Amino acid sequence: MRSSNLQMVVTDSPNTKSIDFSGAGMFTNSSPETRRVIPSILDGKTKFKIVYVVLESQYQSALTKACETINSGKEGVAVEAVGYLLEELRNPKILEQFKEDVSTANIFIGSLIFVQELADKVIEVLTPERDRLDAVLIFPSMPEVMRLNKVGTFSMASLGQSKSVIGEFMKKKKKENGSSFEEGMLKLLRTLPKVLKYLPSDKAKDARSFMMSFQYWLGGSPQNLESMILMLAKEFVGGATISSGAISEPVLIPDKGIWHPMGEKVFEKVDDYNDWYNNNHAPAAGIESKTAVTVGLILQKSHINTKDECHYVALISELEARGAKVVCIYSGGLDFSGPVDEYFYDSKGNVVVDSVINLTGFALVGGPASQDHPKAVETLTKLDRPYICAVPLVFQSFEEWQRSELGLHPIQVALQVSLPEIDGAIEPIIFAGREGVTGRSVPLSDRVELLANRALKWASLRKKENKEKKVCITLFSFPPDKGNVGTAAYLDVFGSIHAVMKKMKSEGYDVGDLPSNPEQLMQAVINDVNAQLSSPDLNVEYRMTVSEYEKKCIYAKDLEQNWGPAPGHLNSDGKDLLIYGKKLGNVFIGVQPSFGYEGDPMRLLFSKSASPHHGFAAYYTYVEKVFDADAVLHFGTHGSLEFMPGKQVGMSGQCYPDRLISQIPNLYYYAANNPSEATIAKRRSYASTISYLTPPAENAGLYKGLKDLGELIKSYQSLRENSQRGAAIVNSIISSARTCNLDKDITDLPQESFDAKEFTIEQRDEVVGKVYKCLMDIESRLLPCGLHTIGVPPSAEEAIATLVNIAGIDRPEDKIKALPRIISESIDRNIEEIYRNANNGKLSDVELLQKITLATRAATRALVQKSTDVNGRVTTVNPLFKQGMSFLNVLTGGSPLKKALSENGFNNVSEEDLTPLNDYLEFCLKQVVADNEVGGLLNALEGRYIIPGPGGDPIRNPDVLPTGKNMHGLDPQSIPTAAAVDVAKVVVDRLLERMKQDSGEYPSSVAFTLWGTDNIKTYGESLGQVLMLIGVRPVPDALGRVNKLELIPLEQLGRPRIDVVVTCSGVFRDLFINQMNLLDRAVKMAAEADEPLEMNYVRRNALEQAKEFSISIRDAATRIFSNAAGSYSANVGLTIENGGWENEKQLQDQFINRKGFAFNADRPGQMELQTDLFKSSLKKVDLTFQNLDSSEISLTDVSHYYDSDPTKVVSTLRDDKKKPKSFIADTTTANAQVRTLSETVRLDARTKLLNPKFYEGMLNSGYEGAREITKRLKNTMGWSATAGEVDNFIYEEASETFIKDEKMRQRLLETNPNAFRDMVTTFLEANGRGYWDTSDETLELLQDLYQEVEDKIEGV
């Protein structure tokens, strides 16, 4: 018996009733007082105190009951107990109470403490009390928390640090099967006798006490927990008198099995369960076992142990009431792959389930600490059934979640939404809440009903014959207008739909009288391609009366607050609601209505979005309740459904995405390079995404005057030593460069009047080098050509540019060097030095870099050509070494890569260096030309599992390929990676160097924009940039998750800490709210650092604002802003795209009002409107900054970039009205560069809008391609509106190309008259708003063209 530090003492309970535990701005507002047990009568019993901290609340009820039973029992002990939910420790008042409770406790118990910042709080409180406490039991948690275990002489102080019998056992088991810590602990329990014999007797006894406690804990019932408490008291609390008969052995159910609430036992064999279910239960429940669909349910054993299974029973009852069978499995640990393999198949190996719901919320293999996604995907691929991962509320009560605008707690989003998505899970539906007082799980009836309906809908896709299935294909039209029907990023929509429907027809689907080509299909939907403006000219498939609408749409009345009574004026003829589209057999091709507020400037100003309009609701009501769709396919990136108002994640029945999609399985073709918005669609509209390729990329090349300029430079290279002719050519180069407007980029380019004869040869080289560098930036820029058609993989020729760029990136994690690096090392040069010199215009290195670039292209082409067939396609990749590197190969120059490099002047590259890269490129080539886009869709329509895969840039991450996968993002707690931070530091150093060079000083503050997709593609480079500016380093925790921070000392930083104002996109907010927390903590850390103000601009500015607003420095150091929850974008792009805005002030007000919601790590449960603080921070900005990370999406490809650009906003707010500097970081290649915004806009225009290769490629795609050209012009004008950084020559050359060329304008007019009219309107608007100065003749021509195109559209 151990002596106790706390003998039999009668103490008053802490006076907690007067303490206000409510936490404004917190997700969790529950109180530990609901978990406090105090013995009412002692009668001479020894009283001891237990404090426990748990992640989830299911132990609360069982522990409370166990303590009450002990207190009312006959043993000589009484127990006081209080429990804390881990999340409650964020509340400072509760944390203080926790410290007080631990200071008077005898025993501490913790479980699943896996949130780093909260684990730190537990460690801080527990460490000074550990030696005093009688026992400390920490069940699976962070390693540093586990090290605090103390059970007699047993501890885990060396866990993960040195060898021990237990530690070695755990490592061995993990190595054997990749098991999690908890799995290892379970295996240790089973083999305990073998392990204990290696320990000294006293340690063996104490180790046994710990492992017995863990068994009791896993047992979870009040009886097990009562025995655990009594055992601990008997062994470790002095003065406790407990009879031996009072402590029972652990009563445990099997480690894994099939459970059913009506079953008398847990079934360990599938045949025993089927026999009971089919012969006993099903007949009694009225289930037709031979024909019923079967839903597999994955349960958490702890809920069964603790009898906290009410939410499980509710869903089982709901499914069975609909005539479905269930198979409910659990696992003792958190690896469910074994039970899935064992129990979801019959004894003959046939799959018995039709769909699967994981009710634990965790990844299939691994818990909150570690996951094995490949093992999970392998298990689920073999099972091949739809896999839904529903989510029980853990940190919030039902009421807290319902009230929260953000929805599900960010920690749960990271652990129980993001991680299961990597397994291929879909539909994160909240199905259960936590009852605030008892902590017990309660089913949310409407969510349980929805979950059951959706699981059965997926299951029915397996049962129905294809000819009977009804599929709705939904198109988008944005901006709303007939010339825009079929809008989707880089997708030939009608060509793709036609290809998909042809394949569906061959698979037995009823597609009616399918038109013979895409053009006819388009006409069937929009009716008259020449009457492309007025919506009534779209084909009306169905007219829904107001009475039918109000009867079938249960939330119709809720929309009246924003839109008045139905039918309204959108998608309506004033009498009925109109459903646009065309039905072909059992396929309905429908046109999704618009948001509805595009033309209403006042609605665009709203900081929070309104509801959908009646026409939008009527469309989805028709799809579900009139057309009776078995599935809906949203076609292309992207529509409006997923961006409708509602919670960020964890929809309620009041959220509009949930209401609209209802119970229909939602399939969604999404561009592979846009995982962030795809993830929003997955979480908010329950989409199963199927990725598609963006179009093949090509080098932009040179054209017109730029091409002529390139020829002059070639001439100079051969004649530079000739003082007469060399100087004359330089004069011509200067003149041509000015004609091509390159003097805007080369600020020190000599005037045309200057004679190069006065230059030395070195000075001439410097001029030519800078011009050549500009040309090479344009020539080598990648641009997508044309539009992608679903199911058509790239040809061999089209694959080359992608592979060239894959070859251009170092991949140290795979021990693969980039080809430019291999080439440069073969001539004893460093590629970074070459990049740096070329960027500075050093002619010899510009020439060398171009030579390396051309050699890289030639080598990659040679590799592709050896696998190209006569049709120009890669059907099989012929590996180099399977062909045999024969003696003849060596004699003839080696591998195709080596031969090509030798032919291009690099003879010393070794085959040994090339081999790893060659193998990698061959693998990538296979992925580039593979195709499962149509296959992925057809699998989903047959109720099968869609293989998951990452989204992002296929050049940075070729695992994005092949397409046709269920796209996911990444674990949000994994970024920024160390490699991303390294790249970020390079960019920040170049940015500050450029700023210092241009203005002579560091910026006081930088306005930064963060995007979701960019951070997924780059693994958090821009996050790293923000941290590097502040001078804070991210540090991974013991599990590799990035959620710790440390200040970089000023002496190491070597410059001041730069303040930031970070504007996060709505998508970034939804996906990375944990990273917003990280950034806010970093800013506060810098602001609170006691450092000289001249070296800490964050602190200097925060102190000023603290004084200005009479707030604390922590609140003043609020720098992370975004939209209100459920709201997206500043709507500046929307306003510009639709026209009609009055002035730039309107745009700036929209930006301030919609993006002025602050995130505060001290109050993480809300986005708080802080407009004044936002403006105060912006007025201190000297520099605005954004990132370009992919060649596929640049500044004028989408409206997002200028929509979130605050350049003119800052200028208006600043006291001196001075416009801040604007820079763009370009990390699209290994040669990361920082350019001014105007330089980047010029580069973008030259490589796309003004480039024949781009616009001819688009025009070859017809109707959609013409629209893409107009979009680039409109987005260019957007930059004029928000930043004023568009040169006049861009508009002028665009008008020369598209307006003054009669043949070109006729092509545009015939191809898509609506898009051409929009182009003409944009030119006139740019002039009218003062962004473009042109001749009267040009304006007259534009006005005449406007009338001409209007007449054509109206059929005059």
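Before reading further, recall that the structure is shown in the block above.
Residues numbered from 1 in each chain as written. Predicted model: local features only at pLDDT ≥ 70, side-chain atom pairs only at ≥ 80, totals over all residues. Heavy atoms only, no water.

## Overview of the overall build of the chain
Rules: Runs of E in the DSSP output that reach at least two residues are strands. Runs of H or I that reach at least four are helices, and both are numbered from the N terminus. Throughout, radius of gyration means the C-alpha value; the globule benchmark is 2.2 Å times the number of residues raised to the power 0.38. Exposure is judged per residue with a 1.4 Å probe applied to protein chains only, and the accessible area is read against the type maximum: over 50% gives exposed, under 20% gives buried, and values in between give partly exposed. We call two residues in contact whenever any of their non-hydrogen atoms come within 4.5 Å of each other. For the area figures, the Shrake-Rupley method with a 1.4 Å probe applies, and any residue is considered shielded solely by the protein chains shown. For the purpose of charge, His is not counted, nor are the chain termini; Lys and Arg are scored as positive and Asp and Glu as negative. The atoms used to mark charge sites are NZ of Lys, CZ of Arg, CG of Asp and CD of Glu.
In terms of regular secondary structure, the chain is built from 57 helices and 35 strands. Taken over the C-alpha trace, the chain has a radius of gyration of 33 Å; the compact-globule value for 1356 residues is 34 Å, and the two agree within 12%. Summarising its shape, the C-alpha atoms of the chain cover approximately 110 × 80 × 70 Å along the three principal directions. Here the chain holds 1356 residues, and the buried ones make up 64% of them. Here the analysis covers contacts within the chain between residues at least 6 apart in sequence; of these, 76% occur between residues at least 24 apart. Within the structure as shown, the chain displays about 47,400 Å² of accessible surface, and the carbon and sulfur contribution to it stands at 49%. Separation between the mean location of the 152 positive side-chain charges and that of the 181 negative ones in the chain comes to 4 Å.

## Comments concerning helix 23 (residues 614–626)
The buried fraction of helix 23 amounts to 11 of the 13 residues, a majority that puts the element mostly inside the structure. Burial in helix 23 covers these residues: His614, Gly615, Phe616, Ala617, Ala618, Tyr619, Tyr620, Thr621, Tyr622, Val623 and Glu624.

## Some details on the nonpolar core
The test is simple: As used in this record, nonpolar core signifies buried Ala, Val, Leu, Ile, Met, Phe, Trp, Tyr and Cys residues forming a set joined through side-chain atoms within 4.5 Å.
Within the largest apolar cluster, 202 residues are counted, with the highest numbers of intra-cluster contacts made by Leu297 and Phe635. Per element, the largest residue contribution to this core is nine residues, and it comes from helix 17 (residues 445–463). Excluding anything up to four places from it in sequence, Leu297 contacts Leu315, Ile316, Leu319, Val326, Val327, Cys328, Ile329, Phe344, Ile357 and Leu359. With 139 residues, the next largest nonpolar core counts Cys740, Ala756, Ala859 and Leu1250 among its residues.

## Thoughts on the pairing of strand 19 (residues 631–635)
The test is simple: Two strands form a pair only when DSSP identifies at least two bridges running between them.
Within strand 19, five of the five residues are buried, which leaves the element mostly enclosed by the surrounding structure. Burial of strand 19 is two-sided: the residues Ala631, Leu633 and Phe635 facing one way and the residues Val632 and His634 facing the other way are all buried. Pairing between strand 15 (residues 471–475) and strand 19: four bridges, direction parallel. Residue Cys472 lies in a different strand from strand 19, and its bridge partner there is Val632. As paired strands, strand 19 and strand 20 (residues 666–671) are joined by four bridges and run parallel to one another.

## Quick look at the pattern of salt bridges
Quick note on the threshold: By salt bridge we mean one thing: a side-chain nitrogen of Lys or Arg within 4 Å of a carboxyl oxygen of Asp or Glu.
What the rule picks out here adds up to 88 salt bridges. Lys557 is the partner of Glu560 in a salt bridge, and the nearest nitrogen-oxygen pair spans 3.4 Å. Residue class for Glu560 comes out partly exposed when judged on its relative accessible area of 26%. With relative accessibility at 55%, the residue Lys557 sits in the exposed group.

## What to know about the environment of Lys1300
Our working definition: Pairs of N or O atoms within 3.5 Å make up the polar contacts considered here, provided that, within protein, one atom can donate a hydrogen while the other can accept it, and that residues adjacent in sequence are counted only when both atoms are side-chain atoms.
Its location among the elements puts Lys1300 in the loop between helix 54 (1288–1298) and helix 55 (1302–1311). Overall, the relative accessible area of 31% leaves Lys1300 in the partly exposed class. Sequence separation between Lys1300 and Leu1342 is 42 residues; the distance between their C-alpha atoms is 9.2 Å. For Lys1300, the contacting residues outside a window of four places in its chain are Glu1292, Ser1295, Arg1305, Thr1338 and Leu1341. Looking at Lys1300, its side chain comes within polar contact range of the side chain of Glu1296, at 3.4 Å.

## Brief notes about the sheet that holds strand 5 (residues 150–151)
Strand order in the open sheet formed by six strands is 2-1-3-4-5-6, with mixed pairing between adjacent strands. The sheet is open, and its two borders are formed by strand 2 (77–85) and strand 6 (154–155), each paired with just one other strand. Pairing analysis gives two bridges linking strand 4 (residues 135–138) to strand 5, with the strands arranged antiparallel. Within strand 5, the residue paired with Val136 across the bridge is Lys150.

## A word on the packing of aromatic side chains
Selection rule: Centre distance within 6.5 Å is the pairing criterion for rings of Phe, Tyr and Trp, where only the six-membered ring of Trp is used; planes under 30 degrees apart are then read as stacked, over 60 as edge-to-face, and the remainder as tilted.
Throughout the structure, instances matching the rule amount to 36 aromatic pairs. Centroid distance Phe267 to Tyr273: 5.4 Å. Interplanar angle 70°. Geometry classified as edge-to-face. Comparing Phe267 with Tyr273, the two get one shared label, buried. Ring centres of Phe588 and Phe627 lie 5.9 Å apart, and the angle between their planes is 50°; on these two criteria the pair is classed as tilted.

## Let's talk about the packing of helix 26 (residues 704–719) against helix 28 (residues 761–780)
The line we're drawing: To obtain an axis, a line is fitted to C-alpha atoms, over the contacting stretch when the element is a helix, and the angle between two such axes runs from 0 to 180 degrees between their N-to-C directions. Here is the rule for handedness: rotate from the far helix to the near one, and if that takes an anticlockwise turn smaller than a right angle the crossing is left-handed, while a clockwise turn gives right-handed. When residue character is reported, Ala, Val, Leu, Ile, Met, Phe, Trp, Tyr, Cys and Pro are called nonpolar, Asp, Glu, Lys and Arg charged, and the others, Gly included, polar.
Contact pair helix 26 / helix 28: the axes reach a minimum separation of 10 Å and the direction vectors enclose 145°. Crossing geometry of helix 26 relative to helix 28 is assigned as left-handed. Mapping the contact onto sequence places Leu706, Leu709, Gly710, Ile713, Tyr716 and Gln717 in helix 26 and Ile761, Arg764, Asp765, Val768, Val771, Tyr772, Leu775 and Ile778 in helix 28. Partitioned by chemical class, the residues of the contact of helix 26 with helix 28 number 10 nonpolar, two polar and two charged.

## A short note on the sheet that holds strand 11 (residues 387–389)
Strand order in the open sheet formed by five strands is 7-9-8-10-11, with mixed pairing between adjacent strands. Looking along the sheet, the strands with just one partner apiece sit at the ends: strand 7 (256–258) and strand 11. Pairs of neighbouring strands in the sheet enclose a mean axial angle of 20°, with direction left out of account. This element, helix 10 (residues 270–285), spans strand 7 and strand 9 (325–331) of the sheet and lies at about 145° to strand 9. Each of strand 8 (294–300), strand 9 and strand 10 (355–358) touches helix 12 (residues 310–321); the most contacted strand, strand 8, lies at about 180° to it.

## Notes on the environment of Ser999
As for its placement among the helices and strands, Ser999 is situated in helix 38 (residues 978–999). Residues Ser999 and Lys1221, 222 residues apart in the sequence, show an inter-C-alpha distance of 9.1 Å. At 3.3 Å, the side chain of Ser999 forms a polar contact with the backbone oxygen of Glu1001.

## Some words on helix 18 (residues 493–506)
Cut-off, in case you're wondering: One fewer than the residue count of a helix, multiplied by 1.5 Å, yields its expected span.
Here helix 18 contains 14 residues, and its C-alpha end-to-end distance of 20 Å stays within 8% of the 20 Å for a straight helix at 1.5 Å per residue. Among the residues of helix 18, those classed as buried are Val493, Phe494, Gly495, Ser496, Ile497, His498, Val500, Met501 and Met504. The first or second residue beyond helix 18 is Gly508, which carries a positive phi of 95°.

## Thoughts on the packing of helix 31 (residues 831–839) against helix 32 (residues 843–865)
For clarity, the cut-off: An angle counts as roughly parallel when it lies under 35 degrees, as roughly antiparallel when it exceeds 145, as roughly perpendicular when it falls between 65 and 115, and as oblique in every other case.
Helix 32 packs onto helix 31 with a crossing angle of 125° between their chain directions and a minimal axis gap of 8 Å. In terms of orientation, helix 31 and helix 32 fall into the oblique class. Here helix 31 runs over helix 32; the crossing is left-handed. Of the residues in helix 32, those touching helix 31 at Ile831, Glu833, Ile834, Tyr835, Asn837 and Ala838 are Asp845, Val846, Leu848, Leu849 and Ile852.

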